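Fold and geometry: a report
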Amino acid sequence: MQKSTPTFFDEMQLNAANSNMPDVRQIYTAYQHWLNSIPRDLLDSKRQEAEVLFRRVGITFNVYGEDDGAERLIPFDVVPRILAAQEWSKLSAGAIQRVRALNMFLHDIYHQQEIIRAGIVPASILSHSQYRPEMFGVDVPQQIYAHIAGIDLVRTSESQFYVLEDNLRTPSGVSYMLEDRKMMMRLFPELFRRYSIAPVDHYPQVLLKNLRAVAQAGVHEPTVVVLSPGAYNSAYFEHAFLAQQMGVELVEGPDLFVRNNAVYMRTTQGPQRVDVIYRRIDDDYLDPLVFNANSMLGVPGLLSVYRNGGVTLANAVGTGVADDKSTYIHVPAMIKFYLGEEPLLENVPTYELSKADDLAYTLGNLAELVVKEVQGSGGYGMLVGPAASKKELENFKQRIIANPTNYIAQPTLALSTCPTLVEAGIAPRHVDLRPFVLSGKTVTLVPGALCRVAMKEGSLVVNSSQGGGTKDTWVLQEEHQEVQKQMPDVRGKVETNIEVATC
Amino acid sequence: MLSRTADHLYWMARYIERAENMARVLDVTYNMSLVPNAAESEAALWLPALEISGNVEAYERDYFQRDNDEYTAAGVIHYLAMDENNPSSIYNSLRSARENAHAVRVAMTSETWENINALWLEFSQFIGQDLAKNGLREFCDWVKARSHLFRGVCFGTMLRDDAFSFVRLGTFIERADNTARLLDVKYHLLLPEQEEIGGAVDYYEWSAVLRSVSAFQAYQKIYSDTIEPWRVAELLVLRRDMPRSLHACFDEITPILEQLSGARTTECKRMAGELHAKLRFGKMRDIFQHGLHEFLDEFVKSNNKLGAEIHKTFFSIAT
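Residues numbered from 1 in each chain as written. Chains lettered and ligands numbered in written order. Predicted model: local features only at pLDDT ≥ 70, side-chain atom pairs only at ≥ 80, totals over all residues.

Looking only at helices and strands, chain B has 15 helices and zero strands in total. Relative to the compact-globule value of 20 Å for 319 residues, chain B shows a C-alpha radius of gyration of 20 Å, a close match. For chain B, the residues scored as buried account for 49% of the 319 residues in total. Excluding contacts between residues fewer than 6 apart, the proportion of contacts in chain B whose partners are at least 24 apart in sequence is 73%. (Helix = DSSP H or I, 4+ residues; strand = E, 2+ residues; numbered from the N terminus. Rg over C-alpha atoms; globule rule 2.2 N^0.38 Å. Buried ≥ 20, exposed ≤ 12 C-beta atoms within 10 Å, placed from the backbone. Contact = placed C-beta atoms within 7 Å.)

Moving on to the packing of helix α1 (residues 3–33) of chain B against helix α4 (residues 73–81) of chain B. All names here are of chain B. With their axes 10 Å apart at the nearest point, α1 and α4 run at an angle of 165 degrees to one another. When the interaxial angle is binned, α1 and α4 end up roughly antiparallel. As for the relative orientation of α1 and α4, their crossing is left-handed in sense. In this structure, α1 uses Met22, Leu26 and Ser33 to contact α4, whose residues at the interface are Ala73, Ile77, Leu80 and Ala81. Its residues assigned to classes, the contact of α1 with α4 shows six nonpolar, one polar and no charged. (Axes fitted to C-alpha atoms, helices over the stretch in contact; angles between N-to-C directions. Parallel < 35°, antiparallel > 145°, perpendicular 65-115°, else oblique. Left-handed = near helix turned anticlockwise from the far one by under 90°. Nonpolar A, V, L, I, M, F, W, Y, C, P; charged D, E, K, R; others polar.)

Residue and element names in this part refer to chain A. Strand order across the open sheet formed by four strands is β14-β17-β15-β16, with antiparallel pairing between neighbours. The strands lining the two open edges of the sheet, one partner per strand, are β14 (351–352) and β16 (382–384). Note: strand β15 (residues 369–373) against strand β17 (residues 407–411), five bridges, orientation antiparallel. Among the inter-strand pairings, Lys372 is bridged to a residue of β17, identified as Ile408. (Pairing = 2+ DSSP bridges.)

Further remarks concern the environment of Glu478(A). You can see Glu478(A) is positioned in the loop between β23 (469–475) and α14 (480–486). Taking C-alpha positions, Glu478(A) is 50 Å from Val290(A), a pair spaced 188 residues apart along the chain.

On to the domain arrangement of chain B, then. Accessible area lost upon the coming together of the parts serves often as the stated size of an interface. Residue and element names in this part refer to chain B. Segmenting chain B into domains produces domain 1 (1–158) and domain 2 (160–319). Relative placement of domain 1 and domain 2: their C-alpha centres are 20 Å apart. The partner domain 2 presents 28 residues to the 30 residues of domain 1 that form the contact. For the side of domain 1 that touches domain 2, the elements supplying multiple residues, two or more each, are α1, α2 (42–53) and α7 (136–157). If you tally residues by element for the side of domain 1 that touches domain 2, the top one is α1, at 17 residues. Looking at side-chain class alone, the side of domain 1 that touches domain 2 contains 19 nonpolar, four polar and seven charged residues. (Domains from an automatic or database assignment.)

Here you go:
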């Protein structure tokens, strides 16, 4: 017996459940048309081709605890997620607004702490494990803390998007945004002729420009490096990819050393000064003299140079205090406080289990809620109420009662689905969206995002560590939408407005 | 460039070259075993292949129990091609090359990286195959072709910067070592039977040596005469137009080290210059008088010392 399936908003079809006459959303009509015109097994052969190519390029991630032969591919789905220009402009404005406020919050919390005095964020945040007292009073260039931010968005209806969480430490996945696009262009060039899709491949150039802009004052030709934990890290491909795309050195901790309040890298020509470090190592492992003393990944003395302004770290140390689930609930208020604006993107309604009322409600309605650890990430340590067994619910209940402040609860969102190629053919699977917001002299994002998809039927967990896959995200350019209405099967290349106008 | 990056690039190239040379040795040894006149025992045929790689003792430890204290074709082929416990097996060389490349994929062009990654992915098709029974030729050809492809993709796509220099340096240091060892083992073996020089077996032996370094046609072209050991030695030691000769290797190594050292006075630059001079100005007659074996033995040692000096100068910078 199947449970009655709730209806989910589908990115492609307005009423996916009623499949006799699916009403294809306007932005997907050309895709649907194309889909009807291709042989049935084409998508699957393209999927296989993609797998071979990804493996050859080495776009793999390592799985912790398995031997070094176990380089895995993140499942790549060949059906794109398409966003209309207007949808995107709303999302991007909202994400930019949010990151501006979060950067101001980080500066504030490590300086005057006005937001605490205003009673908007409780003072208890200062005893939070991700709050770094070492950063108090430290001035970072341009007052930017989160140079790279990943904002996780989910959709529940045509018009309703929510921010699920902010990622301000070392957000990853942008290489998949870029590589998925390259792959789609290679596999389906004809679709790129039918659609006018905003390009994303300038992301590394924007990132490099921003990183150079946050070097210490007075450095004219700053040396930027990417600091990686090394080839056995699960995101090594991305570290290497970004370093290569930016044309900067990919370094590991032992390649760097500290001398006379400066950081140097060991080169074949002797020591070379480093000005900006795009680090993909967590705070805890950055400097064994200050944080985790056993860390082999970091650079002894790095933090002291950083605090004295001898080197810039991106992201800054101590951003974790702002992307935590206990801080998340305050972000809308932060936006009003710092920017005097109404938030453009909504938070998911969240119950704080440190509050008696919220706790009581949560314990009484556990089966309908999603409960997350305040400091958890990667989809670990969370409970999805509707998918849990009685026993799991009971176990989790005991864990909450033992330490309620460690958890928050949210209603189980009806995450939108997107058509996805699975063994049985094309079927709806739940998706989320992570655009990457870059802060330098300006705050920008390229028109695209990492779209993660839960490959398992009904699953709401999209994390790659839990078997999630990725999709290319197409942000359509404004003028294109007109084109589609007029001509669902474009014959030739649609390259210019002039050509379109004459058709 | 980063010292660690240079180190990985250098070793990546060395391991690819090592795999190629091993494939060459296996290939010619196997061919010789097919010559009907080869009146040699299986052991006498395959032992030299082990001696070139310098791992006779390890082989005896791991294989003799199984093979009744004999050197067998099957054993030696497996040991040199596929054995995971033999650090210089083709399997391990290619694996190490790929690991070094993976650690510094940023420092090379994407074509170069993809080439090495594809090599390693393709290698899996040979795993588990009984190469001694069949497929050894195809395997050796494949290794050689992949090595050619590797050098080609580096040469054709890499910026002419220090990264490229370290890759080339690795290739030629390794090649010089391999050519010297190959020649030494073969010469050493044939020397006691000098009176038989000119016989059919001898011809096959020496032509095999030549073929193993792609020098058979070159020999015919240059000397158009019967194959004489001293000429083979000359071709592989002193001829600078012979791409696998010691002289040709140092024609590459010396300028690379000069360029990498820049204005610095480095010991490795001096050592390379000294070795290079011996090859440029040396005479075959003197080398023979001194003893070819002694010459080659000394060369291998000097070449190793040079390798150690390269490490000291570029890869392990004191802070």
